[in-house]
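One-letter residues, chain by chain:
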Amino acid sequence: MSLISTLARLEAVSTGRAQPAATVRHRHLGDHPLVFVPLTTAGEAGAPLGALVGTDRDAPRLLVVPQPRDRDLRFAFLAELADVVLPYIDGYAEAVEAAERTETDPETGKRVKVEVELCADAPQLIVPSRAGIDLVRLLGRSMRFRRTAEQDPEAPYPAPPRVPLLGRWLTHFGERARVPGSSLLLAMTDVLGRHWAIGQSTLEDQHLGALLAWIDPPEGVTGAEAALRAELERDERGQLTCPPAGPATDPAFDNKLLAPAIERYDRARTALAAAEDGLEADDRLGALTAAEREIRDLLLSRTRPTWDAVWRGLDLLRELPEGAHVEERWTRDRWSFTGHRDRVLAGEPPQPRRDDAVTAANKLATREREQARLEAQEALDDPLVMAGRRLAGEAFAGEVTDVVMAYSDGKRPSPRPLVTVRTDDRPQLGERTKVYRSLGGKPQSAEFVAAEEDGACVVLRILDKMGRGKEPEPGSVPEKGDRVCFTLFEHEQRGGAKLPDPEETPWTHGGPPGEALPEAADPVTEEDVL
Amino acid sequence: MTTVFDPSAAAAQATDAILHDTLHGTARGVVVDSPPGAGKSTLVVRAALELAEAGRPLMVVAQTNAQVDDLVLRLAEKNPELPVGRLHSSDADPYDKALDGLENVRKSAKAAELAGLAVVISTAAKWAHVKVDEPWRHAIVDEAYQMRSDALLAVAGLFERALFVGDPGQLDPFAIVGSEQWAGLAYDPSASAVTTLLAHNPDLPQHRLPVSWRLPASAAPLVSAAFYPYTPFRSGTGHGDRGLSFAVPSDGSGPDRVIDEAAASGWGLLELPARHTPRTDPEAVQAVAAVVRRLLDRGGAATSERSAAPSPLTADRIAVGTAHRDQAAAVRAALAGLGVPDVVVDTANRLQGREYDVTVVLHPLSGRPDATAFHLETGRLCVLASRHRHACIVVCRAGVSDLLDDYPSTEPVQLGTVVKFPDGWEANHAVLAHLAEHRVVWRP
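Residues numbered from 1 in each chain as written. Chains lettered and ligands numbered in written order. Predicted model: local features only at pLDDT ≥ 70, side-chain atom pairs only at ≥ 80, totals over all residues.

Examining the overall build of chain B
Broken down by element type, chain B carries 15 helices and 19 strands. Taken over C-alpha atoms, the radius of gyration comes to 22 Å for chain B, in line with the 22 Å a tight globule of 444 residues would show. In terms of overall dimensions, chain B has a C-alpha envelope of 65 × 60 × 55 Å along the principal axes. A burial count over chain B gives 50% of its 444 residues as buried. Counting only contacts in chain B whose residues sit at least 6 apart along the sequence, the fraction spanning at least 24 positions is 76%. (Helix = DSSP H or I, 4+ residues; strand = E, 2+ residues; numbered from the N terminus. Rg over C-alpha atoms; globule rule 2.2 N^0.38 Å. Buried ≥ 20, exposed ≤ 12 C-beta atoms within 10 Å, placed from the backbone. Contact = placed C-beta atoms within 7 Å.)

Some words on the overall build of chain A
Summing up its helical and strand segments, chain A has 12 helices and 15 strands in all. Overall size of chain A, expressed as C-alpha extent along the three principal axes, is 105 × 70 × 45 Å. Taking all 530 residues of chain A together, 37% fall into the buried category. Within chain A, contacts between residues separated by at least 24 positions form 65% of all contacts whose residues are at least 6 apart in sequence.

Let's talk about the confidence of the model for chain B
Detail in the predicted coordinates should be disregarded across regions flagged by low pLDDT. Here chain B averages 91 in pLDDT, and 98% of its residues register 70 or above. We note a pTM of 0.91 for the whole complex and an ipTM of 0.89 for its interfaces. (pLDDT = per-residue confidence, 0-100.)

A closer look at the sheet that holds strand β11 (residues 243–246) of chain B
All names here are of chain B. With antiparallel pairing, three strands are arranged side by side in an open sheet as β11-β13-β14. On the outer flanks of this sheet lie β11 and β14 (307–312), each paired with one strand and no other. The mean angle between the axes of side-by-side strands here comes to 25°, regardless of whether they run parallel or antiparallel. Here three bridges tie strand β13 (residues 300–304) to β14, and the two strands are oriented antiparallel to one another. Within the sheet, the bridge partner assigned to A301 lies in β14 and is P312. (Pairing = 2+ DSSP bridges. Axes fitted to C-alpha atoms, helices over the stretch in contact; angles between N-to-C directions.)

Quick look at helix α9 (residues 282–297) of chain B
Residues and elements named next belong to chain B. Between the first and last C-alpha of α9 there are 22 Å, a value that for 16 residues agrees with the 22 Å anticipated at 1.5 Å per step. Among the residues of α9, A284, V285, A287, V288, A289, A290, V291, V292, R294 and L295 are the ones counted as buried. Just past α9, the residue G299 takes up positive phi, approximately 60°. (Expected span 1.5 Å × (residues − 1).)

Some points on the pairing of strand β15 (residues 483–487) of chain A
Residue and element names in this part refer to chain A. Most of β15 sits inside the fold, with four of its five residues counted as buried. Pairing of strand β10 (residues 395–404) with β15, which is carried by five bridges, proceeds in the antiparallel orientation. Bridge pairing in β15 links G398 to V484.

A few points about the nonpolar core
One finds V288(B), V291(B) and V395(B) to be the most contacted residues of the largest nonpolar core, which totals 139 residues. Ranked by residues supplied to this core, first place goes to α9(B) with nine residues. Aside from chain neighbours lying at most four places away, what touches V288(B) is V320(B), V331(B), V360(B), L362(B) and V395(B). In this structure, V64(A), V65(A), L186(A) and L192(A) belong to the second largest nonpolar core, which totals 77 residues. (Core = buried A, V, L, I, M, F, W, Y, C linked by C-beta atoms within 7 Å.)

Thoughts on the UniProt feature "domain: DNA2/NAM7 helicase-like C-terminal" (unreviewed entry) in chain B
When the UniProt feature table is mapped to this numbering, "domain: DNA2/NAM7 helicase-like C-terminal" (unreviewed entry) covers residues 283–397 of chain B. Secondary structure across residues 283–397 of chain B divides into 37% helix and 32% strand, with the first and last C-alpha atoms of the span separated by 10 Å. (UniProt positions renumbered as here; feature names shortened; annotations may be inferred.)

Considering the interface of chain B and chain A
Between chain B and chain A, the contact holds 26 residues from the first and 24 residues from the second. Looking at the side of chain B that touches chain A, the elements with two or more residues in it are α5 (149–155), α6 (193–200) and α10 (325–337) of chain B. Looking at the side of chain B that touches chain A, the element that brings in the most residues is α5(B), giving four residues. Within the side of chain B that touches chain A, the residues separate by chemical class into 15 nonpolar, seven polar and four charged. (Nonpolar A, V, L, I, M, F, W, Y, C, P; charged D, E, K, R; others polar.)

Describing the domain arrangement of chain A
For chain A, the domain assignment lists domain 1 (3–247 + 306–377) and domain 2 (393–487). For domain 1 of chain A and domain 2 of chain A, the distance between their C-alpha centres works out to 42 Å. (Domains from an automatic or database assignment.)

Overview of the pairing of strand β6 (residues 111–119) of chain A
All names here are of chain A. Pairing of strand β5 (residues 96–104) with β6 involves nine bridges; the strand directions are antiparallel. Counted as the bridge partner of E103 is V112 from β6. Following β5, the chain reverses through six residues before pairing antiparallel with β6; G109 in that reversal takes a positive phi of roughly 75°.

Considerations on the packing of helix α6 (residues 208–215) of chain A against helix α9 (residues 278–318) of chain A
All names here are of chain A. In contact at an axis separation of 10 Å, α6 and α9 are set at 40° when each is read in the N-to-C sense. When the axis of α6 is compared with that of α9, the two are oblique. Between α6 and α9 lies a crossing of left-handed hand. Of the residues in α9, those in contact with L208, G209, L212 and I215 of α6 are T306, A309, R312, G313 and L316. (Parallel < 35°, antiparallel > 145°, perpendicular 65-115°, else oblique. Left-handed = near helix turned anticlockwise from the far one by under 90°.)

Some details on the sheet that holds strand β8 (residues 185–187) of chain A
All names here are of chain A. Taking strand neighbours across the sheet as the criterion, the five strands line up as β4-β3-β2-β7-β8 in an open arrangement whose pairing is mixed. Every other strand in the sheet has two partners, leaving β4 (61–64) and β8 as the edge strands with one partner each. Here the average twist between neighbouring strands, direction ignored, is 20°. In terms of strand pairing, strand β2 (residues 34–40) meets strand β7 (residues 125–127) through two bridges, oriented parallel. By the bridge assignment for β7, V35 is matched with I126. On top of the sheet, helix α2 (residues 71–93) reaches β2, β3 (48–54) and β4; it is set at about 20° to β3, its chief contact.

Notes on the environment of G337(B)
Mapped onto the fold, G337(B) is located in helix α10. For the pair G337(B) and L222(B), spaced 115 residues apart in the sequence, the C-alpha separation amounts to 35 Å.

Structural notes on the environment of R350(B)
Residue and element names in this part refer to chain B. Relative to the assigned elements, R350 resides in helix α11 (residues 348–351). Residue classification places R350 among the partly exposed positions, given that 16 C-beta atoms sit within 10 Å. As a C-alpha pair, R350 and E134 span 216 residues in sequence and 35 Å in three-dimensional space.

Some words on the packing of helix α2 (residues 40–53) of chain B against helix α3 (residues 65–78) of chain B
The relative placement of two packed helices is expressed as an angle between their axes plus a distance between the axes. Residue and element names in this part refer to chain B. α3 packs onto α2 with a crossing angle of 60° between their chain directions and a minimal axis gap of 10 Å. Looking at the two axes, α2 sits oblique to α3. You can see that α2 and α3 cross each other, and the crossing is right-handed. From α2, S41, V44, V45, A48 and L49 reach across to α3, where they touch L71, R74, L75 and K78. Here the residues of the contact of α2 with α3 sort into six nonpolar, one polar and two charged.

Let's talk about the environment of E100(A)
With respect to the element layout, E100(A) can be found in strand β5. What E100(A) contacts, discounting residues up to four positions off in sequence, is K113(A), V114(A) and E115(A).

Comments concerning α3(B)
A rise of 1.5 Å per residue sets the reference length of α3(B), with its 14 residues, at 20 Å; its end C-alpha atoms lie 20 Å apart and thus fit the reference within 8%. Among the residues of α3(B), N65(B), Q67(B), V68(B), D69(B), L71(B), V72(B) and L75(B) are the ones counted as buried.

Laid out in structure tokens, this is it:
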């Protein structure tokens, strides 16, 4: 944890309120995000129990699996989920704008510009917590290799149509969420934790209710008290008044309310199956519907508070103006969405279970690049984030006290002015350390020459962005009295080296992976068919 | 029958076997594990010269520009006639200016301009951008345990066969983003190059250099037992071969007492009172600086097998090691305050592969309230405890062994990954137990 975030957390404790950790919003928020509040069954990894889902905060759609161990009911749930999510995604697939992309021409091997489509906007999925992102990934994995009856008439348990497609999309969202700075799939606790420093441990920040209690406590109560209440307060039936954001449920809820309700549902179902005549069946169908109704009400009572909390979090975040580089990062999300849309349209197989060596290395390289880019952009967009970097000695700000013109050696001397900056910061500068400042959105580099007056003044030599002439272009060199901010980190990331194609994987990494075979879904086990 | 261990003979035997496998073996790769200071660079230079002599075009992959320049200088020293290519980046000042004075070293940012030279040397990052029609017949990959698997993937197409040399006990490569997704895969891109190589080619010949020429007889047994429990090594020198003495007697202060203890036994622990502190603990930083200042003031002289006369302990023979960069910066500032500008102060990552007479180490866990995986990493402590030829002085707050007991390792177990032994917890305890015998308690 950086020094500034430790200080901010201490300040949050002493003032009883969350402290801002950012002055702008560093993540994109779409106009119509799809909020997804899932619940899972205790002890059954990946067995959904229910969910609230939708884009209208006043009209969420409740999906329920009254008996989570029943495969047919689970499929029905997933099919219903697909009916909500896929039309939402499709809504963004149509509107496109023309864009250019550099591609390698397969015939000449040259890099050429190609005109391609780029979706004008992209869907955005919001889940309450990080565990929700894991569940999205797990659901994606459990669905994308399934076969529908149409695809494979022999499949023992054919999936409803569109369920495999939902799996592919959820997999894409889950995978994209691993890219630093991406906003296609966001966990509300992560985004709130990025923008506010809370007076508790980062582990406790995973509780959405507590987090909101710190950020926006009710009148007359400190954040700490409100957070404790959110975590612990129980009603007369022993139930948490602020249920966990899931997908796991509170054991007291499971044991006291849910288990008996599911048992009543099972009994009603058995009774219906045993009905001997139509009249009796009608009665028992009524009982079954009532039992199911009860489970629905229970699940609504657990998910609705979280649903409201997510929307409240969105309100709080929308109050912050969007950071300058957020749009640029969202454009990359749009590229990723468009790319997957095209792969689905082209009839490509679902994402493989495991990446091959080259894909894995490429993904890691991309994510490291995005991480470095995100850290630089957040600092440039937000003086508060930059303050943290300055405190860590990775940047410094101050006033220019002197500018001395100087020139480089060589046949055509170029301007290399020496700029003295008076600063209260303590940057970790060494001999000829490169530093950068933003000049009209582009990084201008300089190198450290000397420290004067016991480190209070830093002398820099400006190296570039001054034009081609002997005299620097106007405005390209700081002037005496200017406030400047230099960073020790680079503002833009260089592209990495091109890796070999997967079919040319070298012997050190196991050689080419061979022809991709269509992957089967996970084999059915006894537990799957209770 | 007991045989007297002859370090030179053992080392020569190992080197011969390695060179035989490299020059005449049939395997596509040869892996050499080298403990600290076991003559890895010497081996690389010798293998390069012999491969060049055999007329096999050779590329050498090192990890940093400093390592590349160092290798070029060593090669030119051994054989000034050998045509060597130094492939460098197109940044400003891409290589050591000392290379300009070497007649047979050609430098270029383009691989094509170096074609046909007997040996071409560059960093892995630069090699990754090179495209060739015809791969090199042979390659040497230096510091292969510090190279990431994805970096090897980018360059492995450039050569047919290779010698991989490195120290498995030093810091593992790392990624700045999570890579759990690939944990357990043979080609996990964040794993070390050797891990991936051996996972896919388990039958490659593996060798080990058995003798550390750097570590003194006082240090080799501890470092070997704590960090290389299954692949022990010996020191090349005996207990009487090295000595450290000081012209100025001790003034009785903590720094002086710990210096004397380290001079006599090879190890010293300067223990400050237990306290939770920020990373740049001002007292500990001052203590480190004070020890360095006294080391220089007291006119130290080091005797070793290298020369008959004692050599003075000067600033360039001392280094300070820390875990974090801000700690290094704080120590540098403190040293500047005491008028000591020339002593190297750096993090474990940057001290890898370096060698000094005396090292002063700020213990990674000193003053911490928690023991994270970063601070427990075996390689970090191993690097810090194995840079010295004579003595190592550790500055630490009391209470680290309690901290270790309070925080047993809790890293998640990943299926399919090879568990690394020893773990940081165990290695830290081993080192602390040994240091406790050389403890000087001091309240600054």
